[in-house]
Amino acid sequence: MDLFSVSVEDHEIAYGAAGTAASPPVGFVHGWGASHQFWRETVPAFQNRFRCVAPDLPGFGVSERPRREYTVPSLAASLAKFVDALRLPAFDLVGHSMGGAIATTF
């Protein structure tokens with residue numbers, strides 16, 4: 001995965017991406033204490049058919065660590081703003097642990 005960043009809520013969100021922009025997108029949401037790197041062995045299985053996007057949620061990985069609430073609902077709201085910033089069309093989400101709760105809340 002290549003690493004990129006986008007400004008969301010006045011701070012930078014890092015994300016790994018692979019595949020082509022013309023492919024249907026799939027989002028990968030990591031669990032507590034992890035980052036987009038959690039998905040480094042999973043994404044290659046998907047990147048030939050999908051646009052894979054794996055954010056470092058705010059406060060995790062190399063994303064900025066703003067003073068804020070770090071709850072499932074607040075991180076789901078940040079994920080929604082991240083999706084809007086990337087202008088992703090309809091997509092599927094894959095979540096691990098807390099990332100699964102965030103994906104469900106999203």
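Let me begin by describing the structure that accompanies this report. (Residues numbered from 1 in each chain as written. Predicted model: local features only at pLDDT ≥ 70, side-chain atom pairs only at ≥ 80, totals over all residues. Heavy atoms only, no water.)

1. Considerations on the overall build of the chain
So, step 1. Secondary structure assignment for the chain yields two helices and five strands.
So, step 2. Reading the secondary structure of the chain in the N-to-C direction produces β-β-β-β-α-β-α.
So, step 3. The C-alpha atoms of the chain give a radius of gyration of 12 Å, which matches the 13 Å a tight globule of 106 residues would have.
So, step 4. Overall, the chain is about 35 × 25 × 25 Å in size when its C-alpha atoms are taken along their principal axes. (Helix = DSSP H or I, 4+ residues; strand = E, 2+ residues; numbered from the N terminus. Rg over C-alpha atoms; globule rule 2.2 N^0.38 Å.)

2. A word on the packing of aromatic side chains
So, step 1. Taken as a whole and assessed by the stated rule, the structure comprises nine aromatic pairs.
So, step 2. Residues Phe-28 and Phe-46 carry aromatic rings whose centres are separated by 5.6 Å and whose planes lie at 70° to one another, so their mutual orientation is edge-to-face. With Phe-28 in strand 3 (residues 25-29) and Phe-46 in the loop between strand 3 and strand 4 (51-55), this residue pair connects regions lying 18 residues apart in the sequence.
So, step 3. On the basis of relative accessible area, Phe-28 is assigned to the buried category, the value being 0%.
So, step 4. On the basis of relative accessibility, which here comes to 26%, the residue Phe-46 falls in the partly exposed class.
So, step 5. An aromatic cluster is present here, built from Phe-28, Phe-38, Trp-39, Phe-46 and Phe-50 joined pairwise through their rings. (Phe/Tyr/Trp six-rings, centres within 6.5 Å; stacked < 30°, edge-to-face > 60°. Buried < 20%, exposed > 50% of the residue type's maximum accessible area, 1.4 Å probe, protein only.)

That's the geometry; what it means functionally is another story.
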